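In case you want the letters, here they are:
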Amino acid sequence: VERADQAISTVDGGRSMADEAVQAMGRVSESAKGIDSVIEGVDKIAFQTRVLAMNAAVEAGRAGEAGRGFAVVADLVSALAMRAEEEAKRARDQLTVTQAEIGTAVGAVQKVDSALAGISEGVSEVHHLLGTMASDNQAQASAITQISAAVTNMDQSTQQNAAMVEETSAAARNLSGEVEALAEQAG
């Protein structure tokens, strides 16, 4: 019964930890949404930077030979903006995978929690059965004690009866001897 109590306590602690894990994963998921918002902002900035770089390249082309260095810088800025867009897309893809994994992990923890609930239920049933067995054992022990007392009483009565039979037998032998003596005297 004590072991069952300990098991119930342990399972309840495990369920509490599983609940904390689900809550933590929920917070991580919310945080991931915030990260997605930041990625979206970076993506927009990269797009606008690319548009500005194209406008700068057009203006550099109009400037002719004098704007050639500016055109190179505009191309570099445009390439950098495109790279930023690509990295933002990769980050978003990775974030999507992470969010899916978080969902899977939450499902797994919830399954663990369900399993722990089942274990807790089973242990509670075992605990109840053990309690019933313990009280049945106490009742049987009490009955055995009463039977033992009755057997002891019967043994004492049997010994008393044996002693009385012995006394009766001795008295019958004496009586038989006296009857023979009386018969001789009568004869």
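You'll find the structure just up there.
The text that follows walks through the structure, step by step, so that each part is easy to find. Just so you know, these numbers come straight off a predicted model, no measurement behind them. (Residues numbered from 1 in each chain as written. Predicted model: local features only at pLDDT ≥ 70, side-chain atom pairs only at ≥ 80, totals over all residues. Heavy atoms only, no water.)

**Side note on the overall build of the chain**
So, step 1. The helix and strand inventory of the chain stands at 2 helices and 0 strands.
So, step 2. In terms of overall dimensions, the chain is more spread out than a globule: its C-alpha atoms have a radius of gyration of 49 Å, far above the 16 Å expected for 187 residues.
So, step 3. Overall, the chain is about 175 × 20 × 15 Å in size when its C-alpha atoms are taken along their principal axes.
So, step 4. Here the chain holds 187 residues, and the buried ones make up 14% of them.
So, step 5. Nonlocal contacts in the chain, meaning residues at least 24 apart in sequence, comprise 88% of its contacts between residues at least 6 apart. (Helix = DSSP H or I, 4+ residues; strand = E, 2+ residues; numbered from the N terminus. Rg over C-alpha atoms; globule rule 2.2 N^0.38 Å. Buried < 20%, exposed > 50% of the residue type's maximum accessible area, 1.4 Å probe, protein only. Contact = heavy atoms within 4.5 Å.)

**Remarks on the side chain of Ser-78**
So, step 1. Along the chain, Ser-78 turns up in helix α2 (residues 68-186).
So, step 2. Here Ser-78 is in contact with Arg-50 and Ala-53, once residues within four sequence places are set aside.

**Quick notes on α2**
Helical periodicity: at 3.6 residues per turn, an α-helix aligns residues three or four positions apart in one direction.
So, step 1. The end-to-end C-alpha distance of α2, which contains 119 residues, comes to 170 Å, matching closely the 177 Å that a straight helix rising 1.5 Å per residue would cover.
So, step 2. Taken as a whole, α2 has its buried residues at Ala-74, Ser-78, Ala-81, Glu-85, Ala-88, Leu-95, Ile-102, Val-106, Val-109, Leu-116, Ser-120 and Val-123. (Expected span 1.5 Å × (residues − 1).)

**Quick look at the pattern of salt bridges**
So, step 1. Tallying each qualifying case throughout the model produces 10 salt bridges.
So, step 2. Residue Lys-89 is joined to Asp-93 by a salt bridge in which the shortest nitrogen-to-oxygen separation is 3.1 Å. A residue pair is termed a helical-turn pair when its members lie 3 or 4 positions apart in one helix, as Lys-89 and Asp-93 do in helix α2 at 4 residues.
So, step 3. Each of Asp-36, Asp-43 and Arg-92 takes part in one network of salt bridges that share partners. (Salt bridge = Lys/Arg side-chain N within 4 Å of Asp/Glu carboxyl O.)

**Points about the environment of Ala-18**
So, step 1. Structurally, the position occupied by Ala-18 is in helix α1 (residues 2-63).
So, step 2. Sequence separation between Ala-18 and Leu-182 is 164 residues; the distance between their C-alpha atoms is 103 Å.
So, step 3. When sequence neighbours within four positions are dropped, the list of residues in contact with Ala-18 reads Val-109 and Asp-113.

**Quick word on the side chain of Glu-85**
So, step 1. Here Glu-85 lies in helix α2.
So, step 2. We classify Glu-85 as buried; its relative accessible area is 16%.
So, step 3. Every residue in contact with Glu-85, bar those within four places of it in the chain, is listed here: Asp-43, Ala-46, Phe-47 and Arg-50.

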